[in-house]
Amino acid sequence: MKTKSIKFTFIIVFYKNKKGLKKTLYSIVNNLNSIDQNLRSKFNILLVDSYSNDGSKELINNFKKDSAIDFKHINVERNGVYKAMDESTKKVNNKNNLIVFINSGDELLNLDPLIRIIINKDSLPNCITFITGINFPPFRKIIFFDNEASKKAAHQSFVYNPKLHKKYGLYHDQTKLMKKERMDLDYIFMKKVLKYERESLRINEILSLAEVTTKNASRNYKLFFKLFMQVKNPNKRFFLVKKCIIYFTESCLRFPLITFLFNIFLVMVSQKRIIFLK
């Protein structure tokens, strides 16, 4: 795709999470306001709601008033985050558009890595993946991240053409394609893209941040227990029960302490790196 004709859409999926939405919007708008107006015109924001009644709509309107950025706010039926993500991909132009999901609670840390690519390359592939850092509130200033973008992809830093869903399936359809229930449907899709799209760019710089809390949908111990009861493979059952115990313990503690300490260990053995934000 020719870089001059490409548009970029930040997609924010949310439901009754005004606090997380405010943090996400602020991070994106703040980054966009820091770049040249001509470059800023290449970006827009799509907000995907399910009729939240917690003041999120008023918050969005306030951001619209104070910014020249192109906002679009839609509502979809409440059927889970992956169904909402799928619906949003149908609302963007598949021909000359690259999208990235930075859902409520996530943050756009630094737009510079993407801007440098836009400036220096005449054409772009259908997929560009960056590194996603993670933090653990209330320790928001401590950021853990992988050494390189070739590690497990995360949707917060996965910039891609939505037409790839025609080739590799929608997010929610990954369960049907795998013929078994999974919780990491976004990872399954991204893994396929990175495996088969040979021209994909992998940039070893942090683009976005993901917040790790006991409330993350991917850390729901009840769902892991449900999967544990369905799976027969001993190795997979061991993995699932381990996750179930960890997430149940962290839920009782109301802080992902085990995961936090494990990330510190990974830094100590050079499997991850750490930075401290000002």
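In this report, we go over the structure that sits alongside the text. Each chain has its residues counted from 1, following the order in which its sequence is written. Totals for whole chains, interfaces and linings use every residue, but because this is a predicted model, local features are given only for residues with pLDDT of at least 70 and side-chain atom pairs only at 80 or more, for both listing and counting. Heavy atoms from the whole structure form the basis of all side-chain values; hydrogens and water molecules are not counted.

On to the side chain of His165. Secondary structure elements follow DSSP: runs of H or I no shorter than four residues count as helices, runs of E no shorter than two count as strands, and numbering proceeds from the N terminus. Residue position: His165 is located in helix 6 (residues 164–168). Note on classification: 1.4 Å probe, protein chains only; a residue is buried when its accessible area is under 20% of the maximum for its type, exposed when over 50%, partly exposed between these limits. Judged by its relative accessible area of 6%, His165 falls in the buried class. Contacts between residues were defined by any pair of non-hydrogen atoms, one from each residue, lying within 4.5 Å. Setting aside chain neighbours within four positions, we find His165 in contact with Thr89, Tyr160, Leu170, Tyr171 and Phe189.

Phe224, Leu227 and Phe228 are the residues of helix 9 (residues 221–230) that are buried. One face of helix 9 carries all of its buried residues, which in axial projection span an arc of 105°. Of the exposed residues in helix 9, the ones pointing more than 90 degrees away from its buried face are Lys222 and Met229. Where the residues of helix 9 are buried, they touch helix 10 (234–253). Polar contact is defined as a pair of N or O atoms within 3.5 Å, subject to the rule that within protein one atom must be able to donate a hydrogen and the other to accept it, and that residues adjacent in sequence are counted only when both atoms are side-chain atoms. The opening residue of helix 9, the one whose side-chain oxygen lies 3.0 Å from the backbone nitrogen of Lys222, is Asn220. By construction, the arc corresponds to the directions joining the helix axis to the C-beta atoms.

Once that is clear, we can look at a nonpolar patch on the surface. To count toward a patch, a residue needs a relative accessible area above 30% and no salt bridge. Like charges then connect within 9 Å, nonpolar side chains (Val, Leu, Ile, Met, Phe, Trp, Tyr) within 5 Å. Accessible areas in this description were obtained via Shrake-Rupley with a 1.4 Å probe; residue shielding takes into account the shown protein chains only. Any Lys or Arg side-chain nitrogen found within 4 Å of a carboxyl oxygen on Asp or Glu counts as a salt bridge. Taken together, Leu253, Leu257, Leu261, Phe262, Ile264, Phe265, Met268 and Val269 make up a surface patch of nonpolar side chains, about 760 Å² in accessible area. Top element by residues in the nonpolar patch is helix 11 (residues 257–268). It accounts for six residues. Within the secondary structure layout, Met268 lies in helix 11.

Before going further, it helps to examine the packing of aromatic side chains. Centre distance within 6.5 Å is the pairing criterion for rings of Phe, Tyr and Trp, where only the six-membered ring of Trp is used; planes under 30 degrees apart are then read as stacked, over 60 as edge-to-face, and the remainder as tilted. Throughout the structure, instances matching the rule amount to 18 aromatic pairs. Residues Phe139 and Phe260 carry aromatic rings whose centres are separated by 5.6 Å and whose planes lie at 25° to one another, so their mutual orientation is stacked. Here the residue Phe139 occupies a position in strand 7 (residues 139–146), and Phe260 occupies one in helix 11, the gap between them amounting to 121 residues. On the basis of relative accessible area, Phe260 is assigned to the buried category, the value being 12%. Taken together, Tyr82, Phe101, Phe158, Tyr160, Tyr171 and Phe189 form an aromatic cluster joined through their ring pairs. Whether a charge lies above a ring is judged from NZ of Lys or CZ of Arg, which has to be within 6 Å of the ring centre and within 35 degrees of the ring normal. Here the guanidinium or amino end of Arg237 rests over the ring plane of Phe228, the centre of that ring lying 4.1 Å away.

Now for the packing of helix 9 against helix 10. The axes used here are C-alpha line fits, helices contributing only the stretch in contact, and every angle between their N-to-C directions lies in the interval 0 to 180 degrees. Running from N to C, helix 9 and helix 10 point in directions that differ by 160°, and their axes come no closer than 8 Å. One element, helix 9, and the other, helix 10, form an angle in the roughly antiparallel class. For the element pair helix 9 and helix 10, the recorded crossing hand is left-handed. Between helix 9, through Tyr221, Phe224, Phe225, Leu227 and Phe228, and helix 10, the contact on the second element is made entirely by Arg237, Leu240, Val241, Lys243, Cys244, Tyr247, Phe248 and Ser251. Each residue gets one label: Ala, Val, Leu, Ile, Met, Phe, Trp, Tyr, Cys and Pro are nonpolar, Asp, Glu, Lys and Arg are charged, and the others, such as Gly, are polar. Here the contact of helix 9 with helix 10 is built from residues that sort into 10 nonpolar, one polar and two charged. For this classification, under 35 degrees means roughly parallel, over 145 means roughly antiparallel, 65 to 115 means roughly perpendicular, and everything else is oblique. In this scheme the handedness of a crossing depends on how the near helix is turned from the far one: anticlockwise by less than a right angle means left-handed, clockwise means right-handed.

Running from N to C, helix 1 (residues 18–33) and helix 3 (residues 56–65) cross one another at 15°; their axes reach a closest spacing of 10 Å. Put simply, helix 1 runs roughly parallel to helix 3. The handedness of the crossing between helix 1 and helix 3 is right-handed. Residues Lys18, Leu21, Lys22, Leu25, Tyr26 and Val29 of helix 1 form the contact with helix 3, whose own contacting residues are Ser56, Leu59, Ile60 and Phe63.

This part covers the pairing of strand 4 (residues 97–101). Most of strand 4 is tucked away: five of the five residues are buried. Here strand 4 shows no split at all, with Asn97, Ile99 and Phe101 on one side and Leu98 and Val100 on the other all buried.

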